[in-house]
Every structure is written in structure tokens, then in C-alpha cells.
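Take a look at the letters that make up each chain.
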Number of protein chains: 10
Amino acid sequence: MSRDLLETFDNQFPDRDYRIEIRQPEFTSLCPKTGQPDFGVVTITYTPRKKCVELKSLKFYLQAFRDNGIFYEHVTNTILDDLVAVVSPQWLKVEIAFNARGGITETVTAQFASSGI
Amino acid sequence: MSRDLLETFDNQFPDRDYRIEIRQPEFTSLCPKTGQPDFGVVTITYTPRKKCVELKSLKFYLQAFRDNGIFYEHVTNTILDDLVAVVSPQWLKVEIAFNARGGITETVTAQFASSGI
Amino acid sequence: MSRDLLETFDNQFPDRDYRIEIRQPEFTSLCPKTGQPDFGVVTITYTPRKKCVELKSLKFYLQAFRDNGIFYEHVTNTILDDLVAVVSPQWLKVEIAFNARGGITETVTAQFASSGI
Amino acid sequence: MSRDLLETFDNQFPDRDYRIEIRQPEFTSLCPKTGQPDFGVVTITYTPRKKCVELKSLKFYLQAFRDNGIFYEHVTNTILDDLVAVVSPQWLKVEIAFNARGGITETVTAQFASSGI
Amino acid sequence: MSRDLLETFDNQFPDRDYRIEIRQPEFTSLCPKTGQPDFGVVTITYTPRKKCVELKSLKFYLQAFRDNGIFYEHVTNTILDDLVAVVSPQWLKVEIAFNARGGITETVTAQFASSGI
Amino acid sequence: MSRDLLETFDNQFPDRDYRIEIRQPEFTSLCPKTGQPDFGVVTITYTPRKKCVELKSLKFYLQAFRDNGIFYEHVTNTILDDLVAVVSPQWLKVEIAFNARGGITETVTAQFASSGI
Amino acid sequence: MSRDLLETFDNQFPDRDYRIEIRQPEFTSLCPKTGQPDFGVVTITYTPRKKCVELKSLKFYLQAFRDNGIFYEHVTNTILDDLVAVVSPQWLKVEIAFNARGGITETVTAQFASSGI
Amino acid sequence: MSRDLLETFDNQFPDRDYRIEIRQPEFTSLCPKTGQPDFGVVTITYTPRKKCVELKSLKFYLQAFRDNGIFYEHVTNTILDDLVAVVSPQWLKVEIAFNARGGITETVTAQFASSGI
Amino acid sequence: MSRDLLETFDNQFPDRDYRIEIRQPEFTSLCPKTGQPDFGVVTITYTPRKKCVELKSLKFYLQAFRDNGIFYEHVTNTILDDLVAVVSPQWLKVEIAFNARGGITETVTAQFASSGI
Amino acid sequence: MSRDLLETFDNQFPDRDYRIEIRQPEFTSLCPKTGQPDFGVVTITYTPRKKCVELKSLKFYLQAFRDNGIFYEHVTNTILDDLVAVVSPQWLKVEIAFNARGGITETVTAQFASSGI
């Protein structure tokens, strides 16, 4: 299960509510209907509780979608669920801005809990 | 009726309030007075309830306005009504930014219900 | 009186609070002190009640300032007054961003009633 | 005293709360420590009560700092004090974005009263 | 201790709540794991109480991280702690936007007290 | 034949080699295979001999492709042939930059005679 | 005759072939057919011989077209002829980029003699 | 062999030397050393002789590199060789601008024959 | 004489024809007619022979124009003459792009000898 | 000697004159006079003969300047000499655009042999 690729490290400032924003502009998966590649920009924002996501493991986790046939809405919500399960943040938001297909662009944004900051 | 062109698929995350933003920069219709073509950029944003709009059907639905003579305000509100009727979203917003005519640019924005996120 | 140049058409969606934004980047009038031409970008935003402003008549109305000597603050408030009188909107805002004179740029923004959306 | 350079004219719309934004991108003064020139972009925003600041007099007032050795924080607050004293606005904000010195950029923003609009 | 490099000067306007924003686009430190250099843009924003941070001393303080192996989250929170200890501001925010590593960009934002303006 | 839509007016400066560049960013035709609409930006550049192309007639000429199924390369060369036949310029170049289809963008550039200036 | 508005001053460096580029982004004239205002950006480039054009007189010269009904190609070539007659430059180029009318933009470029630099 | 995926259609204007530029911004292959994905923007420019490359077949041809481990220089020259062999153009240029790896960006440009236009 | 402010250092690569481009965006002098400040961006490009201009001395040299009343064309040619006299380059070009005055922008470019590279 | 850090790999297309452009936007060294850090963007362009520079070794080679006190002109020419010695290219160009110091920006460009393409 690709969620197992995610690793964390201890948050050294657990008493302060600070914000981490991560941007990966080279996300690619496959369209489950046509098998054609999809491309998008992933932005993840959160306030950590006890753990932060380790960036190299996040890179491998996101790369694991490269050969997956998965819909826009599904992949965004799956990444949200996986990160919340592994990182247990105060809040966390995932946005994926997919490149145009058939002249139409779609951006999906899903969030866990409301932002304290 | 062009509304019949719109198709939906089941929202797989009905318990989460997430946002979908769709952008189609190649909208064209006709001016009802002069018959001259109008061009604009359509942006649709919504939070789904049980259904999401299928993008390919949305492409054909928007293309169906190509030979229609229709005013800026009318086309924006019509697209809003059609999408709300077919998708039954929590909320939905349609914005069309029309290209300049006579040196004047008009953007019309209409919304159904207020945004929860 | 130049206000008489403004024409309206019936709002076909009087039960919905939607927003219309109109931008005219080729506004020109004269400085009342020096007679030198002023240039600016006019942006008009409003929510209609029963009537919408007709764009071609708006073009002629704005062109009628071409030979008028009038101060920045005066012209912005005058356009606001004229549009509110003719259109009777829920709210309406006029902003004019004037080009630099003597190395200084001024933008004047005036509004009638507060925006519902 | 350079404050005396500022002139005003009567606000013709004293019953409406509208906003005036003035931008002067060619501000220059001297560093009080090194005598080296500083450069910055001044932005002044306010809602007038009975008087508006006359732009030509404002140009001369800002030019009067050209040979003054004065700190970033001091010049911003001094311009605020002078304008408030002369214009008696409902509220007024001064922002100066100074160019980089030693690779570091500083922007100072000071405000009198809170914005009604 | 690098905090000792920070110097202050007296705030000449202690009765006004104004904002100072400082931007240093040439921050560099080392990755504690690989020893590879990291680069980022530091933005510091605050409202002073009795003291302002002196910019030249801030430049030397930030340069002192050049040979430090330190994580993104740690360096951001350390700069926040040092500035708050030395400047005693009403509130203070530190944001560092680090350049991409492995195709992934991270921005960390930490704040002391909530902004009054 | 749509070429007949093009009108000309007399060049008042036939003894000077000057350049005219015309840009129409709202070109649309149909894909001859799929019937789907194509969109592009047309740029026409030329040096007139005795005649210049009249802009309003050019607008109608270009609009006449709206319902035509025609390939990228064909439409570009056809517009070149039509303009050369009607205007008899010293030289003339047509470039059409078509919007992305299937994630791929194509620009076609064809020219009659070599540019004297 | 508006050419008489142009004034010159002596070129203090007649032995060096240097280049002067002048840009006026607020040109406006009238369409000779419809009476509607046209707007454009004028760029003048030249190498002086014994005289340079005085900028304030150039401003008044260009403003004198404000109430003239004149075609794009005509106004560009007329400005070229007037400047060449008054300034006697080594070479001189006039380019006017007119704003879109009917969705179509035209730029006219005319030149006297070939550029030595 | 992936070259077999490329299809052509007859050039309808074989007597005119015109230029076709094709841009595909979603190219991805794998690093032959690390197996990590590479991303880049492919630009192909050529003048056809008797045949033009068919865009849908080009899309599939470029997608076939998705699972290939291949160096930057190799992939650029291979695409050039394949297109020249299949299209027999007058000249053809391939440029791939690869995204940054380790903070370093590389663009490779290879060309067959020299451009006639 | 302000030329005396310019210092040089020995070119360590006198056998190679390389290019140095220097940009100072904070140039200011006074209008000799009105006494009003002028602002501009100075760009100096050259290939050194035996000496390079020292940047700190160049900064002070350019600052020395701050209180000088001097025309656009004069200041550009004077800087060219001073630098050529002090640096003895293979070739050297000075360009000053002055900010708009009366809505008109002027850029003056003067060069000594022709560029070898 | 830091030149020894550079590694090469065999050019697989020695019979074709193609171009490689490499950009490293995170170059940093020290000012030899003040010890203050300098920052710049390095661009290297060349046509290989038998060898190409290996990018990871180039990264380490450029990082080796991090603690070097070296002038702008010296570092640019040194990188050129080192790359030419190790890669033996047909031609090679090095450009470094250094960030502003004292408000002045310098870009140094040095080249070995003239570009064949």
C-alpha cells in the first residue's frame, strides 16, 4: 500500500502553531478511462502536531501514482486521507491543479479540519 | 435541450466538503443583436453532494452555445441553472469573463447557495 | 445632460443576486486647470435590481467626458451618481485608475450601498 | 517646515465615504548614517473629510526629502503625521517600500484611524 | 551564540502600531543530512514595541547560518525565537520560502502573538 | 467564395516601404476529422504596394471560417493565398498559433516573397 | 499646420551616432469613418544630425491629433514626414500600436533612411 | 520500435517553404542512473517537404518514452533522428528544456540541415 | 571634476574578449530647465582592454549627478566620454532609460567603437 | 584543485553539432575584499566534441566556490578555462549574472571559440 511509503520526523516545536506548505509541480498519474497520462501541481499545507512529513519519502509516495489509473477527485482525496493518517496534523489541505484535457482545466481542493492559522 | 448533454458520475467522497474548480478558456457564442461571435473564459466552482459533473459532457454542453445568440447575463445564469439542476451541488458559482467589445470588457458572476468552504 | 446617454435593458434574473463587472481601459478627459488630457481605466461593478446598463450606451456616455475639464475625484463620483440614478442597482462601485501626472498616480474609488456578494 | 508645502482643495463629495490612493514611485532621501541615497515607492491611501490633498503640492512636499538624512521608520511616520495634520482625513495610510540595501528590502506601513471602507 | 549578533535601535514612534516588513532573498544554510547547500527567501514582519531591529546586524545574523547544518522547520523557528527575544515586538512573523530540492519546494511560516494590524 | 469578402482601400503612401501588422486573437474553425472547434491567434504582416486590406472586411473574412472543417496547415496557407491575391503586397506573412489539443500546441507560419524591411 | 508645433534644440554631440527612443503611450485620434476615438502607443526612434526634437513640443504636437479624423496608416506616415522635415535626422522610425477595434489590433511602422546603429 | 508509432499526412502546399512549430510541455522519461522521473518541454520546428507529421501519432510517440531510462542528450537526438527518418523534412529542429534536477536545468537543442526560413 | 571619481583595477584576462554589463537602476539628476528631479536606469556594457571599472567608484561617480542640472542626451554622452577616457575599453555602450515626464519616456543610447562580441 | 571535481561522459552523437545549455541559479562565492557573500545565476552553453560535462560533478564543482574569495570577472573566466580544459568543446560560453551590490548589478560573459550553431 503506497501509504506505507510516507515517513515522518519529530516536530521540534510542538508548542507553536506554525504552517508548512509543500509544492510538487511534477505530479503525473493515468486517466482510468483512456490510460492517457494526466499531469498536475500538488500543493500540501498543514500545521503539524507531533510529526512532520519527511520530504524524500513524500517524493517517492507521490511518484507511486505514476502508473495508477485514478480520477482527479479520487487522487486528491486519497492523498489527503493518507497524509492525515500518517502525520496526524492539526489541519491539512491538499490541492491538485491538473493540466488541461480537451481544453478544460480542473483543480480539486480537499481539507481535513479547519486552519488554526 | 442542451441541459440534457450534461452527465454526472458518483462522488466517491460524499462525506467531505471539498471544492472542484473547472476552467474552460474557449467559450464562444453569438451576440443576439448583431450575430457577431462573442468569446469568453468560463470558470465553474462547486462543492459536490452526491454527484460530480463529467468533464467530457461539460465540454459538449458548453460547445452547444457556439451557434446560440444569447446575452452575457443570460448565458451565465443559464449555465448556472443547468448545472445546479443536474448536479445538485452544495453550492456552485459560474463566472464568464467575456473578451472586449467596443473597447469594453464584461465579467458576469452568478452563484447558487453560499460557499461552505 | 450626459446622463441621458445611458440606456438600460431588463434584468432577466431579478431574483438572483449576481455580479456584473465592466472595464473600460480607454477613458480620457481634460484637466480643468491646464487643459491637458488625462487618461484612466474605469472599472464598474454592481448587482442589478430590475435593470442592467446597456454596454453600447455606456461606451457613448464615457466618451462624452472626452472634452470635459473635470477633476479626478469629481468625475468618479459623477459617474457613480449617474449610474445609480439610471440603473437603481442593489450596490454599485466605480474605480478609476488615472495614469501618472508629474510622476504621481491616483486611483479614486467610490461606492453606493454595500455589496451583498 | 516642509509640512507647509502641502496644499488642499475642498472635497466636493463630503457626504460619501470614498477612497483616494496616490502612488509616487520616485521617492528619494539620504541615509542619516552613511549619507548614501535611499530610494522607495510611496503609497498614500485615505478617505477625505472636508479636504483633499492637492497633487502638485504633494509632489513638492515629497521632493523636499531629497537632501534629508532620515531613517526609514522616521520618514514614513513623519509623512503620516504631516498629511493627517493638513488634510484631517477620516483615516489615512502611508506605505514606503524602500529599495534593497545590503541585499535587504524594508517596507514600512503606518496608519491613522481605521479604514471605514 | 549567533543571537548576540542582533542589534536594535529605539523606536521613535512607540505610541503608534505600525508595521515593518523586511525581505532577504539570499538566505543560505546547509542540509544537516547531506551537507548540500539550501537557499531561500526570508520575510520578517512585525510591529515594534520599544525597539526595532537594526538592518546591518540582521544581515550578519542571517549570514551566520551559511555554514550551519539545520532543517527547514528548525531554522525558521530559531530565527523567530531569536528576534522575539531581542526585539520584544507586539507580534512578529518569519516566513522562509526554500528553493526546490528533488523537485519539491517547502515554505515554513511561524508567528509570535497575533497581528494587531 | 470567402475570398470575395476581402475589401481593400488605396495606399496613400505607395512610395514608402512601411509595415502593417494585424493581430486577431479570436480565430476559430472546426477540426475536419472530429468536428471539434479549434481556436487560434492570427497574425498578418505585410508591406503594401497599391492597396491595404480593409480591417472590417478582414474581420468578416476570418469569421467565415467559423463553420469550416479545415486542417491547421491548410487554413494558414489559404489565408495567405487569399490575401496575396486581393492585396498584391510586396511581401506578406501569415502566422496562426493554435491552442493546445491533446496537450500539443502547433503554430504554422507561411510567407509570400521576402520582407524588404 | 500642426507640424509648426514641433520645436528642436541643438544636438551637443553631432559627431557621434547615438540613438534616441521616445515612447508616448497616450496617443488618441478619431476614426474618420465612425468618429469613434482610437488609442495607441507611439514609439519614435532616431539618430540626430544637428537637431533633437524638444519633448514638450512633441507632446503638444501629438495631442493636436486628439480631434482629427485620420486612418492608422495615414497618421503614422504623417508623423514620420513631419519629424523628418523638422529634425533632419540621419534616420527616423515611427511605430504606432493601435488598441483593438472589432477584436483586431493593428500596428503600423514607417521609417526614413536606414539605421546606421 | 517506437519510431513506428509516427504517422504522416500529405503536405498540401509542397511548393511553399512554410514553417510548423509543435510544442509538447508534458514530456516525461526516466533517469537511466537513478530510475527517477525526468520532465521537460519538447519543441519541434520544421519545414515539410512532401509529408507532415500527424499530431495524434506524435503524442503517442512521445508518450512511449514514459517508461524509458534515457539521458537528456540521447533522447533529444533520438527524437530528431526518428522524425527526420519518417518525415523527410527540408530541415527540422528538436529542443527539450528539462526541469531542474539538483538545482540545475539543462536544455538540449539538435537540428537536421539548416533552416531555409 | 567628477570623472576623477572613477577608479579601475587590472583586467586579469587581457587576452580574452569578454563582456561586462553593469546596471544601476537608481540614477537621478535634475532637469536643467525646471530644477525638477529626473530618474533613470543606467546600463553600461563593454569589453575591457587592460583595465576594468571598479564598481564602488562607479557608484560614487553616478551619484555625483544627483545635484546636476543636465539634459538627457548630455548626461548619457558625458558618462560615455568619462568611462572611455578612464577605462580605455575595446568598445563601450551607455544606455539610460529615463522615467516618463509629461507622459513621455525617452531612452538615450551612445556607443564608443563597435562591439567585437 | 577544484577543476579535478569535473567529470565527463562520452558524447553519443559526435557527428552532430548540437547545443547544450545548463543553468544553475544558486551560485554563491565570497567578495575577496569584504568577505561578504555574492550570489549569481550561472549559464553555460556549448557544443560538445567527444565529451559532455556530467551534471552532478558540475554541481559539486560550482559548490566548491562557496568559501572562495574571488572577483566577478575572475570567477567567470576561471569556470570557462576549467570547462574548456576538461570538456574540449567546439565552443563554450559562461555567463554569470550577479545579484545587486550597492544597488549595482553586474553580468560577466566569456566565451571560448565562436558558436557553430
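Residues numbered from 1 in each chain as written. Chains lettered and ligands numbered in written order. Predicted model: local features only at pLDDT ≥ 70, side-chain atom pairs only at ≥ 80, totals over all residues. Heavy atoms only, no water.

Asks: Looking at this structure, how should I read the overall build of chain A?
Replies: In terms of regular secondary structure, chain A is built from two helices and six strands. Along its sequence from the N terminus, chain A presents helices and strands in the succession β-β-β-β-α-α-β-β. Rg of the C-alpha trace for chain A: 14 Å, near the compact-globule value of 13 Å for 117 residues, within the 12% margin. In chain A, which comprises 117 residues, the share counted as buried stands at 54%. Within chain A, residue pairs in contact and separated by at least 24 positions form 65% of the contacts whose partners lie at least 6 positions apart. (Helix = DSSP H or I, 4+ residues; strand = E, 2+ residues; numbered from the N terminus. Rg over C-alpha atoms; globule rule 2.2 N^0.38 Å. Buried < 20%, exposed > 50% of the residue type's maximum accessible area, 1.4 Å probe, protein only. Contact = heavy atoms within 4.5 Å.)

Asks: Teacher, can you tell me more about the pairing of strand β3 (residues 37-47) of chain J here?
Replies: It is a general feature of regular strands that their side chains alternate between the two faces of the sheet. All names here are of chain J. Burial runs high along β3: 10 of the 11 residues are buried. As paired elements, strand β2 (residues 19-30) and β3 share nine bridges and run antiparallel to each other. Note that in β3 the partner of T28 across the bridge is F39. Two elements, β3 and strand β5 (residues 91-98), share eight bridges in a ladder whose sense is antiparallel. (Pairing = 2+ DSSP bridges.)

Asks: Just to check I follow, could you spell out the interface of chain J and chain I for this structure?
Replies: Put simply, an interface is often sized by how much accessible area is lost when its parts join up. The interface is formed by 18 residues belonging to chain J together with 18 residues belonging to chain I. Together, E73(J), N77(J) and I104(J) form the three largest contributors to the area buried by chain J at its contact with chain I, with a combined 32%. At the junction of chain J with chain I, the criterion picks out two salt bridges. Connecting chain J to chain I are seven residue pairs in polar contact (both at pLDDT 80 or more). Mapped by element, the contributors of at least two residues to the side of chain J that touches chain I are α2 (72-87) and β6 (105-112) of chain J. (Buried area = accessible area lost by both parts, 1.4 Å probe. Salt bridge = Lys/Arg side-chain N within 4 Å of Asp/Glu carboxyl O. Polar contact = N/O pair within 3.5 Å; in protein donor to acceptor, adjacent residues only side chain to side chain.)

Asks: What am I meant to see in the relation of the copies chain J and chain I here?
Replies: One copy of the chain maps onto the second through a rotation about an axis and a displacement along it. When chain J is fitted to chain I, the best match, at an RMSD of 0.0 Å, comes from turning it 72 degrees and sliding it 0.0 Å along the axis. Accordingly, the operation relating the two chain copies is best matched by a five-fold axis. (Least-squares fit on C-alpha atoms with pLDDT ≥ 70 in both.)

Asks: It is not clear to me how the packing of helix α1 (residues 55-63) of chain J against α2(J) should be interpreted in this structure. Could you clarify?
Replies: Working note: a packed helix pair is described by the angle between its axes plus the distance between those axes. Residues and elements named next belong to chain J. Following both chains from N to C, one finds α1 and α2 inclined at 145 degrees, their axes separated by 12 Å at the closest point. As α1 packs across α2, the resulting crossing turns out to be right-handed. For the pair formed by α1 and α2, the contact residues are L58, Y61 and L62 on the first element and T78, I79, D82 and L83 on the second. Partitioning the contact of α1 with α2 into residue classes produces five nonpolar, one polar and one charged. (Axes fitted to C-alpha atoms, helices over the stretch in contact; angles between N-to-C directions. Left-handed = near helix turned anticlockwise from the far one by under 90°. Nonpolar A, V, L, I, M, F, W, Y, C, P; charged D, E, K, R; others polar.)

Asks: In this structure, what is going on with helix α2 (residues 72-87) of chain I? I would like to understand it.
Replies: The α-helix winds at 3.6 residues per turn, so residues separated by three or four positions along the chain end up facing the same way. Its 16 residues give α2(I) an end-to-end C-alpha distance of 23 Å, which sits within 8% of 22 Å, the value for a rise of 1.5 Å per residue. Burial runs high along α2(I): 13 of the 16 residues are buried. (Expected span 1.5 Å × (residues − 1).)

Asks: Can you help me understand the UniProt feature "active site" (unreviewed entry) in chain A in this one?
Replies: All names here are of chain A. Taking the UniProt record as the reference, the feature "active site" (unreviewed entry) is found at C31 and D38. Locating C31 in the fold gives a position in the loop between β2 (19-30) and β3 (37-47). What C31 contacts, discounting residues up to four positions off in sequence, is Q36, D38 and G69. Mapped onto the elements of the fold, D38 is located in strand β3. Since its relative accessible area comes to 7%, D38 is described here as buried. Setting aside residues no more than four positions away along its own chain, D38 makes contact with F27, T28, S29, L30, C31, Y72 and R101. (UniProt positions renumbered as here; feature names shortened; annotations may be inferred.)

Asks: Would you mind going over the arrangement of the chains with me for this structure?
Replies: If you take every C-alpha in chain F and every C-alpha in chain I, the smallest gap between them is 23 Å, and the two do not touch. What separates chain B from chain J at the closest point of their C-alpha atoms is a distance of 33 Å, and the two make no contact.

Asks: Hey, could you run me through the pattern of salt bridges in this one?
Replies: Note on pairing: side chains with opposite charge can pair once their charged atoms come close. A full pass over the atoms with the stated rule returns 50 salt bridges over all chains. With a closest N to O distance of 3.6 Å, D38(C) and R101(C) form a salt bridge. Taken together, the residues D38(C) in strand β3 (residues 37-47) and R101(C) in the loop between β5 (91-98) and β6 (105-112) connect sequence positions 63 residues apart. Residue class for R101(C) comes out partly exposed when judged on its relative accessible area of 25%. A salt bridge links R16(G) to D81(I); its shortest N-O distance comes to 2.5 Å.

Asks: Just checking my understanding: could you explain the interface of chain A and chain B for this structure?
Replies: Taken together, the contact between chain A and chain B spans 18 residues of the former and 18 residues of the latter. Across the interface of chain A and chain B, roughly 1,600 Å² is buried in total on both sides, 52% from carbon and sulfur atoms. When the area that chain A buries against chain B is broken down by residue, the three leading residues are E73(A), N77(A) and I104(A), summing to 32%. Across the contact surface, chain A and chain B share two salt bridges. Joining chain A to chain B, the criterion identifies seven residue pairs in polar contact (both at pLDDT 80 or more). Secondary-structure elements contributing two or more residues to the side of chain A that touches chain B are α2 (72-87) and β6 (104-112) of chain A. Here the element with the most residues in the side of chain A that touches chain B is β6(A); it accounts for eight residues. Classifying every residue of the side of chain A that touches chain B gives five nonpolar, nine polar and four charged. The sheet contact formed by β6(A) and strand β2 (residues 19-30) of chain B spans five bridges and is antiparallel. Each residue of the ladder has a partner; that of T109(A), found in β2(B), is R19(B).

Asks: When you look at the environment of V108(E) in this model, what are you seeing that I'm missing?
Replies: Mapped onto the secondary structure, V108(E) falls in strand β6 (residues 105-112). Taking relative accessible area as the criterion, V108(E) reaches 0% and is therefore assigned buried. When the C-alpha atoms of V108(E) and C31(E) are compared, they prove to be 15 Å apart, with 77 residues separating the residues in sequence. If we ignore the near neighbours within four places in the chain, the residues touching V108(E) are Y18(A), R19(A), Y72(E), E73(E), T76(E), V94(E), E95(E), I96(E) and F98(E).

Asks: So what exactly am I meant to see when it comes to the environment of S57(I) here?
Replies: Residues and elements named next belong to chain I. Mapped onto the fold, S57 is located in helix α1 (residues 55-63). In this structure S57 comes out as buried when scored by relative accessible area, which is 4%. Measuring from C-alpha to C-alpha, the distance between S57 and T8 comes to 8.3 Å, with 49 residues separating the pair along the chain.

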